Amino acid sequence: MQDSPFPRPLVVGIDVGGTKTHLRAYAGDDLIADHIRPSDGWRPHDPVAAAGWLAALVTGALPAGARPSAVAVGGHACETPRQCAQISAALHPHFDAPASVVGDAELLVPAAGLARGAGLVAGTGSVAVGRREDGTLVQVGGWGALLGDEGGAAGLVREAVRAVWAAHDRGEEPDELTKGLLAAFGVPDVPALGGALEATTSPSADWGRHAPVVFAAAESGSSLAGTVVAEGGRSLAALVARLAARGVPVDDVVIAGGTVLAQPALHDALLASLAQLVPGARLQPLRVPPVEGAVELARSLV
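Numbering of residues starts from 1 in each chain and follows the order in which that chain's sequence is written. Per-residue local features are limited, in this predicted model, to residues with pLDDT of at least 70; the limit for side-chain atom pairs, both in listing and counting, is 80 or more; totals at the level of whole chains, interfaces and linings are taken over all residues. Side-chain numbers come from the whole structure's heavy atoms, not from hydrogens or water.

Chemist: Please give an account of the overall build of the protein chain that cites residues and values.
Modeler: A tally of regular secondary structure across the protein chain gives 12 helices and 10 strands. In this treatment the radius of gyration is a C-alpha quantity, and the globule benchmark scales as 2.2 Å times the residue count to the 0.38 power. Taken over the C-alpha trace, the protein chain has a radius of gyration of 21 Å; the compact-globule value for 302 residues is 19 Å, and the two agree within 12%. For the C-alpha atoms alone, the extent of the protein chain along its principal axes is close to 75 × 40 × 30 Å. With a 1.4 Å probe rolled over the protein chains alone, any residue whose accessible area is under 20% of its type maximum counts as buried; one over 50% counts as exposed, and the rest are partly exposed. Burial analysis of the protein chain (302 residues in total) assigns 48% to the buried set. Note on contacts: a residue pair qualifies if any of its non-hydrogen atoms lie within 4.5 Å across the two residues. Contacts in the protein chain between residues far apart in sequence, at least 24 positions, make up 66% of those at least 6 positions apart. To measure how exposed things are, a 1.4 Å probe is used in the Shrake-Rupley method; for residues, cover is taken only from the protein chains shown. Accessible area of the protein chain: about 13700 Å², with a carbon and sulfur share of 53%. The charged-residue count follows a simple rule in which Lys and Arg add positive charge and Asp and Glu add negative charge, with His and chain termini not counted at all. Charge positions are represented by NZ for Lys, CZ for Arg, CG for Asp and CD for Glu. Placing the 21 positive and 31 negative side-chain charges of the protein chain at their respective mean positions leaves the two points 4 Å apart. Secondary structure counts use DSSP, requiring at least four H or I residues in a row for a helix and at least two E residues in a row for a strand, with both numbered from the N terminus.

Chemist: Go over a nonpolar patch on the surface, please, and point to the residues and values.
Modeler: A surface patch of nonpolar side chains, about 450 Å² in accessible area, is lined by Trp143, Leu146 and Leu147. Mapped onto the secondary structure, Trp143 falls in the loop between β8 (137-141) and α4 (153-169). Patches were defined on residues exceeding 30% relative accessible area and lacking a salt bridge, with like-charge contacts within 9 Å and nonpolar side-chain contacts (Val, Leu, Ile, Met, Phe, Trp, Tyr) within 5 Å. The working definition used for a salt bridge is a side-chain nitrogen of Lys or Arg within 4 Å of a carboxyl oxygen of Asp or Glu.

Chemist: Any chance you could break down the state of the cysteines for me, citing the residues and the numbers?
Modeler: Whenever a pair of cysteine sulfur atoms sits within 2.5 Å, that pair is classed as a disulfide. Counting across every chain of the model gives one disulfide. The disulfide bridge from Cys78 ends at Cys84, spanning 2.3 Å between sulfur atoms. Here Cys78 and Cys84 have matching classes, each one buried.

Chemist: Summarise unusual backbone geometry; cite the residues concerned and give the values.
Modeler: Of note in this structure, Asp96 is not a glycine but carries a positive phi near 50°. Among the structural elements, Asp96 can be located in the loop between α2 (81-95) and β5 (99-103). In this structure Asp96 comes out as partly exposed when scored by relative accessible area, which is 40%.

Chemist: Any chance you could break down the pattern of salt bridges for me, citing the residues and the numbers?
Modeler: In the structure shown here, the tally under the stated rule is 13 salt bridges. Residue Asp30 pairs with Arg8 through a salt bridge whose shortest N-O separation is 2.8 Å. Here Arg8 lies in the segment before β1 (10-16) and Asp30 lies in strand β3 (residues 30-38), a separation of 22 residues in the sequence. Classification of Asp30 as partly exposed rests on a relative accessible area of 41%. Through salt bridges with shared partners, a single ionic network connects Arg24, Asp34 and Glu292.

Chemist: Please provide a residue-by-residue account of the environment of Val129, values included.
Modeler: Tracing the backbone through its elements, the reader meets Val129 in strand β7 (residues 126-131). Beyond its immediate sequence surroundings of up to four residues, Val129 is in contact with Ala105, Glu106, Gly117, Ala118, Gly119, Leu137, Val138, Gln139 and Leu243.

Chemist: Outline the sheet that holds strand β6 (residues 118-122), supporting the account with residue identities and numerical values.
Modeler: Read from one edge to the other, the open sheet built from five strands follows the order β8-β7-β6-β9-β10, with strand pairing classed as mixed. The strands lining the two open edges of the sheet, one partner per strand, are β8 and β10 (282-285). Mean inter-strand twist for the sheet, computed between neighbouring axes without regard to direction, equals 20°. Bridging between β6 and β7 involves five bridges; their strand directions are antiparallel. Looking at the pairing, Gly119 lines up with Val129 of β7. Helix axes use the C-alpha atoms of the stretch in contact, all axes being lines fitted to C-alpha atoms, and the angles between their N-to-C directions lie in the range 0 to 180 degrees. Along the sheet, helix α11 (residues 264-277) contacts β6, β9 (252-256) and β10; its crossing angle with β10, the most-contacted strand, is approximately 155°. Any two strands with at least two DSSP-identified bridges between them are counted as paired.

Chemist: Just give me the short version of the sheet that holds strand β4 (residues 70-75), but keep the residues and values in it.
Modeler: An order of β3-β2-β1-β4-β5 is seen for the five strands of this open sheet, with the pairing classed as mixed. In this open sheet, the two strands that pair with only one neighbour each are β3 and β5. Averaged over all pairs of adjacent strands, the angle between their axes in this sheet comes to 10°, without regard to strand direction. Taken together, the seven bridges between β1 and strand β2 (residues 20-27) define a ladder with antiparallel strand orientation. Across the sheet, Val16 pairs through a bridge with Thr21, a residue of β2. In this fold α2 packs onto β4 and β5, with an angle of close to 150° to the strand it touches most, β5. Of the strands in this sheet, β1, β2, β4 and β5 are in contact with helix α12 (residues 291-301), which crosses β1 at around 140°.

Have a look at this one:
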């Protein structure tokens, strides 16, 4: 460990999200840096480039001459333990200090002040993670808008379009969900929705931004939208059930993500389905920024 101007160990936690990155550094209980920047340039599938990006971020955020005693990172799209370990190994030489890199969803449990449990994210996408008693990481979901992410914003829009198509094939009159999706995608009729989805350059973001249409339609009484939201909640609960079936303790389920936390209908659907699929599991909405989980992981390295 290199010399530091601080009397107590300087720990750095970083939450690299899909759109923004949050860094916090503490010396003991003293906040030394609190820095937010876009995640532009984050390349998690290139370990050397990812480590260089993180090192530059840390150097730019800390006071001149400050050297971290430990660095922990939760990285968006860091999808396997092997990938995370490669970034961690590439990061270590930059600081001559312990470094750990995990997937960003793994920050939720330590951010909530818990030693064990499951982390469930439902924002643009959806994923659930946890560790077995022996420390083995288990991740379920997170397959992206084209194949999965049920219960996330993009997945809800995809399923809403499927529901509208099915209603159209049954000869039903357009309801509020149908009208809302047609307006959101700027197309004249239901058959054109398929082309509108396929024409997007970034399905997760481009589909996900229309999720409020689904919730508004459900609130206005659309049975199609109500079913989509209810099934989205059940899909999220199913992720937790899969973790439990694979040996992950799920007594506490820490939830985060703008979709599930901002939409009571989805939260309530998740809660109801969780009571059926995993009785006894407790939902714990995350009340602090996920970067606090990275800070806790960094402290554990000192």
